[in-house]
Amino acid sequence: MVVLNPGCELDLGWLNSIHVNTAAVHQRAANLQSRKAVKGPYQAAWLLRAVTCIDLTTLGGDDTDSNVMRLCAKACRAVSEDMLEALGFEAGNIQTAAVCVYPAKVPIAVATLKKMKMENKINVASVATGFPSGQYPLETRLAEIRWAVEKGAHEIDIVVDRSLVINKLWVDLYQEIQKMKEACGSAHLKTILAVGELGSFDNVYKASLVAMMAGSDFIKTSTGKEAVNATIPVGIVMCRAIKDYWTRTGYQVGFKPAGGIRTAADSLAWLIMIKEELGNDWLNNKMFRFGASGLLGDIERQLHHHITGRYASATQFAMG
């Protein structure tokens, strides 16, 4: 059982000691990405593991109850029964980790999963705190968290005010996230750093540490709305921060890349990075998630090719 991160006191000395070697990060990323991809049944097994780590997401301004219901149905039957049977798995054993929606859509997501008797297998995650900008008064951001939790969200994906990072206002950032953690109650707190807007790897590393010191149970790369989202180099930086925090405190914090992860090959690259940087204890949906909307369809196409030797059209596995 994973113990939630209680956080610790803000350690400015620790933060001030951080300096990230940018060239070394890119060299490490190139080394990881040059590895030969797993093939055959091993690839199929890794892709099924990737499916179980997906937060299946819809965050559109045109979201309706009906498309959230379809999202939940797809999360419950993430891979078709005939493909699972061909791969040697029983039907119903592969679901995504969660569905991720706006706060207003939490009630319909909760109700749909309950109706399908999957409320104990698939979590409802809600973005909050003025997503995606974070540029709203703190009280309204905290109220948004409380509302989503009251309506049944198991996980809250908050977004930080990036100006606090850019201006190195670490005490303010720490105190805001602490208050958000308190507002979450028993729900897991996943903190989105919006790394594409933080300016440097040093800022990414320090923001990661502050988020964890304040009690974040996961740190997440991006909202998916920034110009630059999840990349392997920034993932390495965040995972090194997670490992640093774990070594010093004994608490494991999860990691969630999001934004731009669309292909089966992308998912394999991230899983390999997690295995290399953090180890097998993070290769599960308690400690690792993908934030994605289109990834599942491409994984299904790759599994179909593994079984039949033929690629299906992209529309064959569309959510709708």
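Source: prediction; values computed, not measured.

**So, the pairing of strand β5 (residues 188–192)**
- The buried fraction of β5 amounts to four of the five residues, a majority that puts the element mostly inside the structure.
- As defined by bridge partners, strand β4 (residues 155–159) adjoins β5 across five bridges and the pair is classed as parallel. In the strand pairing of β5, E155 is matched with H188.
- Examined bridge by bridge, β5 and strand β6 (residues 218–220) share three bridges and lie parallel to one another.

**A closer look at the pattern of salt bridges**
- Within the structure shown, the criterion is met by 19 salt bridges.
- Between D55 and K256 there is a salt bridge; the shortest N-O distance is 2.7 Å. One end of the pair, D55, is in strand β1 (residues 54–57); the other, K256, is in strand β7 (residues 254–256), and 201 residues separate them in sequence.
- The class of K256 is buried, set by a relative accessible area of 0%.
- Measuring nitrogen to oxygen at the nearest pair gives 3.0 Å for the salt bridge that ties R141 to E176. On the criterion of sequence distance, the pair formed by R141 in helix α7 (residues 138–150) and E176 in helix α9 (residues 170–184) is long-range, its members being 35 residues apart. One exposure class covers both R141 and E176, and it is buried.
- One network of salt bridges, in which partners are shared, links D55, E155, D157, K190, K220, K256 and R289.

**Quick look at unusual backbone geometry**
- With omega at 0°, the peptide bond leading from F131 into P132 counts as cis.
- Locating P132 in the fold gives a position in the loop between β3 (123–127) and α7.
- In the Ramachandran plot, K168 falls in the positive-phi region, its phi being about 55° despite a non-glycine side chain.
- At A194, a position not held by glycine, the phi torsion is positive, near 55°.

**Quick look at the packing of helix α10 (residues 201–213) against helix α11 (residues 232–249)**
- As a packed pair, α10 and α11 sit with axes 9 Å apart at the nearest point and diverge in direction by 40°. One way to sum up the angle between α10 and α11 is to call them oblique. Seen along the crossing, α10 lies across α11 with a hand that is right-handed. Judged by residue contacts, F201, V204, Y205, S208, L209, M212 and M213 of α10 engage P233, V234, V237, M238, R240, A241, I242, D244 and Y245 from α11.
- Across the contact of α10 with α11, the residue classes break down as 13 nonpolar, one polar and two charged.

The rules behind the values
- Residues numbered from 1 in each chain as written.
- Predicted model: local features only at pLDDT ≥ 70, side-chain atom pairs only at ≥ 80, totals over all residues.
- Heavy atoms only, no water.
- Buried < 20%, exposed > 50% of the residue type's maximum accessible area, 1.4 Å probe, protein only.
- Helix = DSSP H or I, 4+ residues; strand = E, 2+ residues; numbered from the N terminus.
- Pairing = 2+ DSSP bridges.
- Salt bridge = Lys/Arg side-chain N within 4 Å of Asp/Glu carboxyl O.
- Axes fitted to C-alpha atoms, helices over the stretch in contact; angles between N-to-C directions.
- Parallel < 35°, antiparallel > 145°, perpendicular 65-115°, else oblique.
- Left-handed = near helix turned anticlockwise from the far one by under 90°.
- Contact = heavy atoms within 4.5 Å.
- Nonpolar A, V, L, I, M, F, W, Y, C, P; charged D, E, K, R; others polar.

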